[in-house]
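# Summary of structural features
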Amino acid sequence: MTLTLETHVDLRLWELVGSGAVDALRAEGLPIPEAELTAVEHGPGFVACTGRNGYLIAGEEEWQQSPQTPPWLLQRSDWVMRLSGARWSDALTELCPHDLGRLPPGGWFMAAVAGVNAWLYRPASVPDSLLLGFDPSYGAYLESMLQSVVRDPSRINPS
Amino acid sequence: MQQLDCPIIGRRPISEFVYGGEVRRPPPGDAPLADVADHAFNRTGQPTVLREWWFHRPTGRWFVLERNTLSNVVERVVPPQEVAYAIPTL
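Quick caveat, the model's predicted, so the values are computed rather than measured. Starting from 1, residues in each chain are numbered consecutively following that chain's sequence as written. A letter from A marks each chain and a number from 1 marks each ligand, given out in the order of writing. Given that the model is predicted, a residue must reach a pLDDT of at least 70 before its local features are reported, and side-chain atom pairs must reach 80 or more before they are shown or counted; all residues, however, enter totals for whole chains, interfaces and linings. For side-chain calculations, the full set of non-hydrogen atoms in the structure is used, while hydrogens and water are omitted.

### Quick look at the environment of G133(A)
All names here are of chain A. Put simply, the test is: Helix numbers and strand numbers start at the N terminus; a helix is a DSSP run of H or I with at least 4 residues, a strand a run of E with at least 2. Contacts are residue-level and defined by heavy atoms, with any inter-residue pair within 4.5 Å sufficient.
Secondary-structure assignment places G133 in strand β10 (residues 129-134). Between the C-alpha atoms of G133 and A118, which are 15 residues apart in sequence, the distance is 5.5 Å. If we ignore the near neighbours within four places in the chain, the residues touching G133 are D78, W79, V80, N117, A118 and W119.

### Quick word on the domain arrangement of chain A
All names here are of chain A. Let me state the cut-off plainly: For each domain, the first and last residues come from an automatic or database assignment. Using a 1.4 Å probe, buried area is obtained as the accessible area two parts lose upon being combined, added over both of them. In what follows, salt bridge is the name for a side-chain nitrogen of Lys or Arg lying within 4 Å of a carboxyl oxygen of Asp or Glu.
For chain A, the domain assignment lists domain 1 (4-9 + 78-153) and domain 2 (12-76). In this structure, domain 1 and domain 2 have C-alpha centres spaced 22 Å apart. The interface is formed by eleven residues belonging to domain 1 together with twelve residues belonging to domain 2. When the two sides are added together, the surface that domain 1 and domain 2 hide from each other amounts to roughly 930 Å², 62% of it contributed by carbon and sulfur. Together, D78, W108 and Y121 form the three largest contributors to the area buried by domain 1 at its contact with domain 2, with a combined 60%. At the boundary of domain 1 and domain 2, one finds one salt bridge.

### Overview of the pattern of salt bridges
Residue and element names in this part refer to chain A. Counted only if it meets this: Relative accessible area decides the class of each residue, using a 1.4 Å probe on protein chains only: under 20% of the type maximum gives buried, over 50% gives exposed, and in between gives partly exposed.
By the definition in use, this model includes 15 salt bridges over all chains. Note that D10 and R12 form a salt bridge whose closest N and O atoms lie 3.0 Å from each other. A relative accessible area of 58% means that D10 is categorised as exposed. On the accessibility criterion, R12 (27% relative accessible area) is partly exposed.

### Remarks on the environment of F134(A)
Residues and elements named next belong to chain A. Here F134 is to be found in strand β10. Take F134: its relative accessible area is 1%, and that puts it in the buried class. When the C-alpha atoms of F134 and V80 are compared, they prove to be 6.8 Å apart, with 54 residues separating the residues in sequence. Apart from the residues within four sequence positions on either side, F134 is in contact with D78, W79, M81, V116, N117, A118, W119, G139 and L142.

### Some points on the environment of L16(A)
All names here are of chain A. Topologically, L16 is positioned in strand β2 (residues 12-17). For L16, a relative accessible area of 1% corresponds to the buried category. For the pair formed by L16 and H42, sequence separation is 26 residues and the distance between their alpha carbons is 16 Å. Every residue in contact with L16, bar those within four places of it in the chain, is listed here: A21, A24, L25, N53, G54, Y55, I57, W63, P71, W72 and L73.

### Some thoughts on the interface of chain A and chain B
Buried accessible area, meaning the area lost when the parts come together, often serves as the stated size of an interface. Note the threshold: Residues are grouped as follows: Ala, Val, Leu, Ile, Met, Phe, Trp, Tyr, Cys and Pro are nonpolar; Asp, Glu, Lys and Arg are charged; every other residue, Gly included, is polar.
The interface is formed by twelve residues belonging to chain A together with eleven residues belonging to chain B. Counting every contact that joins chain A to chain B gives one salt bridge. Listing elements by their share of the side of chain A that touches chain B, those giving two or more residues are β4 (45-51) and β8 (108-113) of chain A. Broken down by element, the residue count for the side of chain A that touches chain B peaks at four residues, all from β8(A). When the residues that make up the side of chain A that touches chain B are grouped by side-chain class, the tally is six nonpolar, five polar and one charged.

Here is the structure:
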């Protein structure tokens, strides 16, 4: 079993908030998640619906809001990591009280990982991996916690 | 592990929540000091169905829940309109 942790995933993150958010996504040609707390894949990143009029967009490109779009567009500086390997969900049972193995490919979840608020996204195209994003001030701590699980497979409970 | 079963985001560990206290109607601006002190310091401790603020940290959402404080069962998520009296911005 091989688990790998990519500690710095280079994604640009934007938060789009406001009553015109869906129109702004549509104008940019971005996919629109169907329901709250779901996400759709977009290139190497995703578009996630985090609330009634709130979206988190992750991609490789910078995004300039056009003057016509009314919602707030805020750049986020989340620290993003990628945990890869067939048993990534077993590894996270060490750090997260949720059974993340039930997260379907393309699934989006917001939970506490090792006590840190985080968003979790399982890309549909690479279901044996999980993207984790969180406040960068917790980066060193969460990196050490995840590395300790990745380096010591004996800590992972047999499933 | 104690869990809070929220009808909107599902069953979540209580450690992901911050308790915001009972939803209470604030006293009017010209209320006597005794009423303001009562609002600030006194709580009903008897088991009941209580309207409470709960903040779910990972999703950044505030909820108003009606929770039976005896059985710890969440009976209802209260729409914000129903507690507008406690939300000055609504």
